[in-house]
Amino acid sequence: MNLEYFIAKRLITGKEHKISISAPIIKIAIAAIALGLVMMLIAIATGVGLKYKIREKVTAFNGHVQIYNYDNNNSEVSVVPVSKNQDFYPNFNSVDGVVHVQAVATKAGIIRTSETFEGVIAKGVGDDYNWEALEEYLVVGELPSYNAGLNGDVLMSKLMANRLNMKVGDSFFTFFLKNENTNALPNQRKFTIKGIYDSGFEEIDELFLFIDIRHIQRMNKWTEDEVGNFEIFLDSFDAIDEKSKLIYAKTLSDLDTKTLKEKYRNIFEWIGLFDFNIILIIGILMVVCGFNMITALLVLILERTPMIGILKALGTNNWSIRKVFLYNAAYLIGIGLFWGNLIGLGFIYIQEVFKPFKFPNPKEYYIEYIPVHMDIMTVVYLNVGVMVLCLLMLLVPSYIITKITPVKAIRFE
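Residues numbered from 1 in each chain as written. Predicted model: local features only at pLDDT ≥ 70, side-chain atom pairs only at ≥ 80, totals over all residues. Heavy atoms only, no water.

(A) Spatial organisation of the packing of aromatic side chains. Inspection of every chain in the model, using the stated rule, returns 17 aromatic pairs. Members of the aromatic cluster, connected to one another through ring pairs, are Phe61, Tyr129, Trp131, Tyr137, Tyr146, Tyr197 and Phe210. In this structure, Lys258 packs its charged tip against the face of Tyr68, placed 5.9 Å from the ring centre. (Phe/Tyr/Trp six-rings, centres within 6.5 Å; stacked < 30°, edge-to-face > 60°. Lys NZ or Arg CZ within 6 Å of the ring centre and 35° of its normal.)

Here it is as structure tokens:
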């Protein structure tokens, strides 16, 4: 029989425990553990969820890695074409983790209406384009299809449509400058809005208009095998730096690669701060939880001083008595963790399904609602971490038991 565990269990289940002086303090300590865990779970879920959602949005419109010609890899507009006759297209089999490769091209233009005009970057895509990545951002209409003959259907952003006072089904003219002669009359194309998307990123929404890539190929006098650049999709964002180096090594010497993190450096430097904030919040809350448990333990020791004296008089060593109170503290921490998990994970589930909480200013966070993400191993590690850290912090105050003498302890009131 584990004597220390037996004594601790009797202390916990006894009626005296529920009506003792320490009962309110113990309840406060349990509530502090529960509330601390709730806040930690929410901090992790919202921080990681926001980071993943922003990465997912940017990736959907750009891919993880882009392959350019060296001559125009710093420009949003395709200048020097790249041949589609590459070993990595349409399937990049030489690098593990590449799930999709698509060819695109971009060209600057101006949309002109009877009332206003708007500068745009037309992004030409073909039948290999991964429209599934954009489906959740479609708000009105349908996604265009470029599998058949050349057509004028386009996908426009909600921001751009509002500025131009347009809706699905409306037609408009767009003017594009000729690359070889800027003084010549611009190319003119008539397009029809097939669908409207809303990414939440003003950097994307105010510029990009999705059109058939064959329009750009004809205006630039490119062949069907020439495109502006390639977009590479990976199976994991975390491997983007490593895979980018492998992709670069497998391409021709006149091609360069750029990761999504390099293209949108400011955004990824910003979301990189989320991890630091999460760690800081967890650290502060764990310390608060630990000090609350220290207070509760000291009160328990003070209340059970006569019992400590009796145990010492019977020959029980200091470490065994300390273990009694550590078992007791572990039980209290466990109760706090139980309620903390129940409340915290319940809140996360409600937000994930019903999304009741939204950002007051969605433009600042690129998303309307507060996204959450939580996996089971994070919950396990967090619970184990709180339990272990609190118990380690309790080792120091439990040392006070060694200073209690049996004679004074038995007479203590």
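So that's the structure; there's more coming.
(B) Representation of the nonpolar core. Ranked by internal contacts, the top residues of the largest apolar core, which has 68 residues, are Met156 and Phe210. Here this core gets six residues from one element, more than from any other, and that element is strand β3 (residues 98–112). Look past the residues within four positions of Met156 in its chain and what remains in contact with it is Ile111, Ala161, Leu164, Met166, Phe172, Ile193, Gly195, Ile196, Tyr197 and Leu209. Listed in part, the 45 residues of the second largest apolar core include Ile44, Ala45, Ala296 and Cys390. (Core = buried A, V, L, I, M, F, W, Y, C linked by side-chain atoms within 4.5 Å. Buried < 20%, exposed > 50% of the residue type's maximum accessible area, 1.4 Å probe, protein only. Helix = DSSP H or I, 4+ residues; strand = E, 2+ residues; numbered from the N terminus. Contact = heavy atoms within 4.5 Å.)

(C) Region of interest: the side chain of Asn69. Relative to the elements of secondary structure, Asn69 occurs in strand β1 (residues 65–69). Once residues lying within four places of it in the same chain are set aside, the contact partners of Asn69 are Val80, Pro81, Val82, Asp254 and Leu255.

(D) Region of the structure containing the pairing of strand β7 (residues 171–176). Across the two faces of β7 the burial differs, with Phe172, Thr174 and Phe176 buried and Ser171, Phe173 and Phe175 not buried at all. Two strands pair when backbone bridges link them, and β3 and β7 are joined in this way by four bridges, in the antiparallel orientation. Across the sheet, residue Gly109 finds its bridge partner in β7, namely Phe176. Bridge count between β7 and strand β8 (residues 187–197): six bridges; the pairing is antiparallel. The residue bridging Phe175 from the neighbouring strand is Gln188, located in β8. (Pairing = 2+ DSSP bridges.)

(E) Summary view of the confidence of the model for the protein chain. Across the protein chain, pLDDT averages 87, with 93% of residues at or above 70. Mean pLDDT values over the elements of the protein chain span from 54, in helix α2 (residues 15–19), up to 96, in strand β6 (residues 153–157). (pLDDT = per-residue confidence, 0-100.)

(F) Molecular detail of the pattern of salt bridges. If you walk through the whole model with that rule in mind, you get eleven salt bridges. Between Lys194 and Glu142 there is a salt bridge, with the nearest N and O atoms lying 3.7 Å from each other. Residue Lys194 is located in strand β8, and its partner Glu142 is located in the loop between β5 (138–141) and β6; the two are separated by 52 residues in the primary sequence. Of the residues examined, Lys194 reaches a relative accessible area of 29% and is grouped as partly exposed. Here Glu206 and Arg163 are joined by a salt bridge, their closest N and O atoms 3.8 Å apart. Here the residue Glu206 occupies a position in the loop between α5 (202–205) and β9 (208–212), and Arg163 occupies one in helix α4 (residues 158–164), the gap between them amounting to 43 residues. A single salt-bridge network, built from bridges that share partners, covers Lys53, Glu56 and Glu136. (Salt bridge = Lys/Arg side-chain N within 4 Å of Asp/Glu carboxyl O.)

(G) Inspection of a nonpolar patch on the surface at higher detail. A surface patch of nonpolar side chains, amounting to about 680 Å² of accessible area, comprises Ile376, Met377, Val380, Tyr381, Val384, Val388 and Leu392. Here Ile376 lies in helix α13 (residues 376–398). (Patch = residues over 30% accessible without salt bridge, like charges linked within 9 Å, V, L, I, M, F, W, Y side chains within 5 Å. Areas by Shrake-Rupley, 256 points an atom, 1.4 Å probe, with all protein chains shown as cover.)

(H) Looking closely at helix α1 (residues 3–13). Residues of α1 that are buried: Glu4, Ile7, Ala8, Leu11 and Ile12. In a view along the axis of α1, the buried residues occupy a sector of 135°, so they form one face of it. Exposed and facing more than 90 degrees away from the buried side of α1 are Arg10 and Thr13. (Arc of directions from axis to C-beta.)

(I) Molecular detail of the packing of helix α9 (residues 265–303) against helix α11 (residues 318–354). Two elements in contact, α9 and α11, have axes separated by 11 Å at closest approach and are oriented at 135°. It follows from the interaxial angle that α9 and α11 lie oblique. The chirality of how α9 crosses α11 is right-handed. Residues Met293, Leu297, Leu300 and Ile301 of α9 form the contact with α11, whose participating residues are Phe325, Asn328, Ala329, Leu332 and Ile333. Looking at side-chain class alone, the contact of α9 with α11 contains eight nonpolar, one polar and no charged residues. (Axes fitted to C-alpha atoms, helices over the stretch in contact; angles between N-to-C directions. Parallel < 35°, antiparallel > 145°, perpendicular 65-115°, else oblique. Left-handed = near helix turned anticlockwise from the far one by under 90°. Nonpolar A, V, L, I, M, F, W, Y, C, P; charged D, E, K, R; others polar.)

(J) Looking closely at the pairing of strand β11 (residues 229–234). In terms of residue burial, β11 counts as a mostly covered element, since six of its six residues are buried. Of the two faces of β11, both are covered, the one formed by Asn229, Glu231 and Phe233 as well as the one formed by Phe230, Ile232 and Leu234. As defined by bridge partners, β1 adjoins β11 across three bridges and the pair is classed as antiparallel. Note that in β11 the partner of Gln66 across the bridge is Glu231. Of the strand pairs in this sheet, β3 and β11 are connected by six bridges, and their pairing is antiparallel. Each residue of the ladder has a partner; that of Gln102, found in β11, is Glu231.

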